[in-house]
Amino acid sequence: MTTSPPPSPDHALRGGQLGAVGLVLGGALSVQFGSAVAALLFPRTGVAGAVTLRLTIGALLMLAVCRPRLRGHDRADWAWVVAFGLALAGMNSIFYQAIDRIPLGPAVTLEVLGPLALSVCTARRLAAWCWAGLALAGVALLGQGGFDRLDPVGAALALAAGAMWAAYIVCSSRVGGRFPRADGLALALTVAALVTLPVGLFGAGARLGHPAVLGLGAGLAVLASVLPYTLELLALRRLPTATFAVLMSLGPAIAALAGWLVLHQELRAVEILAIGLVIAASIGAVRAGARAAEPVDLLAAEVRLSAAAAPPAAPR
């Protein structure tokens, strides 16, 4: 009777990385399909109500899981938490206003230019600027038929959401180095929920308490916040930074798929090509700006398309 030899360390490492890739893609699918669920909520709660449900329920879940410590932090720590929360509130509110006006795929494609610009600026390499030119070509192609088809206000909001995303990246890096585990994220989500709650209550009122609306809101919070954060935390213990960022650059394609499956949003061939160009540019910019392949923590994972844009969070 013979026994098979144990798997080699290299084989085990490759298997772990493949599993981590699956976790990252699962998190990306969860985020984009969560945005599609949010669009389903808009007719019932309005955009502000959907944002309020996502952030409030998400904050409550994260607080219950993380139980962050409130003591032992100085004024600068709390200032960064507040800035992080405001960036979260602004990013989500503006992006949801955008997808209320234009299809999900193009919205994410335009939003992604914020982190991409941050990655290019921090890379300071000619190759990164070349990739930025490719991204601009994709955006120009996206508007070939005129941004009036996409709604110019919606396109502008998606670009503004991208700028907020870049601010969010910077804040997440600072908070990640000042708070243990995901405590800073839980506290920032709480700030974002408190900021958006009055607007959501004013706009939607008692409709936010309807059982069906609460059910969709809970699903949105899990899909768009809790589940992807958990999957990314597990994946980033096994994957290098650059690999993670390249995988997350597939966001526009996944968003287009979610819009097609859930919201029945169809894209023309030229728009699909434009999304592909932006994805290619994102991957190229990440590779041009990436440094040593080191694992990063959860909050550094929020850099997503721009892993080289900010330093990794302090070790836990």
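Overview of the structure. (Residues numbered from 1 in each chain as written. Predicted model: local features only at pLDDT ≥ 70, side-chain atom pairs only at ≥ 80, totals over all residues. Heavy atoms only, no water.)

1. Structural notes on a nonpolar patch on the surface
Side chains of Leu-29, Leu-257, Trp-260 and Leu-261 sit close together on the surface and give an oily, nonpolar patch of about 370 Å² of accessible area. Along the chain, the position of Leu-257 falls in helix α10 (residues 251-263). (Patch = residues over 30% accessible without salt bridge, like charges linked within 9 Å, V, L, I, M, F, W, Y side chains within 5 Å. Areas by Shrake-Rupley, 256 points an atom, 1.4 Å probe, with all protein chains shown as cover. Salt bridge = Lys/Arg side-chain N within 4 Å of Asp/Glu carboxyl O. Helix = DSSP H or I, 4+ residues; strand = E, 2+ residues; numbered from the N terminus.)

2. Here's the deal with the environment of Ser-172
Within the secondary structure layout, Ser-172 lies in helix α6 (residues 152-178). Ser-172 sits 16 residues away from Ala-188 along the chain, and the two C-alpha atoms are 9.3 Å apart.

3. Things to note about the nonpolar core
Of all hydrophobic cores here, the largest spans 62 residues; its most connected members are Leu-88 and Tyr-96. Elements with a contribution of two residues or more to this core: α1 (9-66), α2 (75-99), α3 (104-111), α6, α7 (183-204), α8 (211-235) and α10. Aside from chain neighbours lying at most four places away, what touches Tyr-96 is Ala-38, Phe-42, Val-47, Val-51, Arg-54 and Leu-220. If you look at the next biggest cluster of nonpolar residues, it comprises five residues, including Ala-20, Leu-23, Leu-231 and Ala-235. (Core = buried A, V, L, I, M, F, W, Y, C linked by side-chain atoms within 4.5 Å. Buried < 20%, exposed > 50% of the residue type's maximum accessible area, 1.4 Å probe, protein only. Contact = heavy atoms within 4.5 Å.)

4. Let's talk about the packing of α2 against α7
Between α2 and α7, the least distance of the axes is 7 Å, while the angle of their chain directions is 55°. With respect to their mutual orientation, α2 and α7 come out oblique. Both α2 and α7 take part in a crossing whose hand is right-handed. Residues Trp-78, Val-81, Val-82, Phe-84, Gly-85, Leu-86, Leu-88, Ala-89 and Ser-93 of α2 form the contact with α7, whose own contacting residues are Gly-184, Leu-185, Leu-187, Ala-188, Leu-189, Val-191, Ala-192, Val-195 and Thr-196. The class makeup of the residues in the contact of α2 with α7 is 14 nonpolar, four polar and no charged. (Axes fitted to C-alpha atoms, helices over the stretch in contact; angles between N-to-C directions. Parallel < 35°, antiparallel > 145°, perpendicular 65-115°, else oblique. Left-handed = near helix turned anticlockwise from the far one by under 90°. Nonpolar A, V, L, I, M, F, W, Y, C, P; charged D, E, K, R; others polar.)

5. Description of the packing of aromatic side chains
The final tally for this structure, using the stated rule, is four aromatic pairs. Ring geometry for Phe-84 and Tyr-168: centres 5.2 Å apart, planes at 40°, overall tilted. A residue pair is termed long-range when its members are at least 10 positions apart, and Phe-84 in helix α2 and Tyr-168 in helix α6 qualify at 84 residues. With relative accessibility at 0%, the residue Phe-84 sits in the buried group. A relative accessible area of 2% means that Tyr-168 is categorised as buried. Taking 6.3 Å as the distance between ring centres and 50° as the angle between the ring planes, the aromatic pair formed by Phe-95 and Tyr-96 counts as tilted. (Phe/Tyr/Trp six-rings, centres within 6.5 Å; stacked < 30°, edge-to-face > 60°.)

6. So, unusual backbone geometry
A positive phi angle is found at Arg-67, which is not glycine, with a value near 45°. Within the secondary structure, Arg-67 sits in the loop between α1 and α2.

7. Some thoughts on α6
The end-to-end C-alpha separation of α6 is 39 Å, in line with the 39 Å expected for 27 residues at 1.5 Å each. Capping of α6 at its N-terminal end is provided by Asp-151; its side-chain oxygen lies 3.1 Å from the backbone amide nitrogen of Val-153. (Expected span 1.5 Å × (residues − 1). Polar contact = N/O pair within 3.5 Å; in protein donor to acceptor, adjacent residues only side chain to side chain.)

8. Structural notes on the side chain of Ser-35
Take Ser-35: it is sitting in helix α1. We classify Ser-35 as buried; its relative accessible area is 6%.

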